[in-house]
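Now for the letters of each chain:
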Amino acid sequence: MLDNMPRGTITIEEIEMGMTRSLRKVVTDEDIRMFAEVSTDHNPVHMDDDYANDTIFEGRIAHGMLTAGLISAVIGEQLPGHGTVYMGQTLKFLGPVRPGDMVEAEVEVTAIDYAKRRVTLETRCLVDGKKVLVGEATVLAPTGKFD
């Protein structure tokens with residue numbers, strides 16, 4: 001994984017509109033195999049070259065939720081980071097991610113409710129600069145203050 005920012009925590013008191021964080025990762029055959037094992041989703045479009053070649057994708061693709069998991073990594077490790085609680089996420093899948101693709105997962109702060117510690121993030125994943133997944137996340141950010 002190639003992070004553009006250090007890991008840790010950005011508290012609600014430090015979060016600002018427009019803040020962004022991202023990571024890049026090459027999705028490997030091993031990633032797809034391990035995700036299939038953990039999720040129990042062994043759909044042949046992910047696992048079987050011969051089967052997948054005869055689909056609209058003309059080859060194997062990664063699980064959509066594997067790609068979405070990279071957004072979770074950015075949120076949980078970078079923005080807001082450690083201590084963040086996911087409240088919701090929308091996803092729209094725009095294109096396939098194939099074994100060997102470099103995925104860039106990005107989040108951007110679009111709204112902040114300081115009183116409720118809620119942060120809204122635009123989320124997206126790109127391959128070769130093309131969006132393959134877009135959505136919006138709502139999270140409860142950690143605080144630096146004692147309650």
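The shown structure was predicted, so the numbers you read here are calculated from the model rather than taken from an experiment.

Caption draft 1: Representation of the pattern of salt bridges within the structure. Summed over the entire model, instances satisfying the criterion amount to seven salt bridges. Linking Glu-106 and Arg-124 is a salt bridge whose minimum nitrogen-to-oxygen distance equals 2.5 Å. With Glu-106 in strand S4 (residues 102-113) and Arg-124 in strand S5 (residues 118-127), this pair connects stretches of sequence that are 18 residues apart. The burial state of Glu-106 is the same as that of Arg-124; both residues are buried. Each of Glu-106, Glu-108, Glu-122 and Arg-124 takes part in salt bridges that share partners, so that together they form one network.

Caption draft 2: Molecular detail of the nonpolar core. Judged by nonpolar contacts, the single largest core of 30 residues is most densely connected at Ile-15, Val-109, Val-119 and Leu-121. For this core, the elements supplying multiple residues, two or more each, are helix H4 (64-77), S4, S5 and strand S6 (130-140). No other element matches the six residues that H4 contributes to this core.

Rules behind the numbers
- Residues numbered from 1 in each chain as written.
- Predicted model: local features only at pLDDT ≥ 70, side-chain atom pairs only at ≥ 80, totals over all residues.
- Heavy atoms only, no water.
- Salt bridge = Lys/Arg side-chain N within 4 Å of Asp/Glu carboxyl O.
- Helix = DSSP H or I, 4+ residues; strand = E, 2+ residues; numbered from the N terminus.
- Buried < 20%, exposed > 50% of the residue type's maximum accessible area, 1.4 Å probe, protein only.
- Core = buried A, V, L, I, M, F, W, Y, C linked by side-chain atoms within 4.5 Å.

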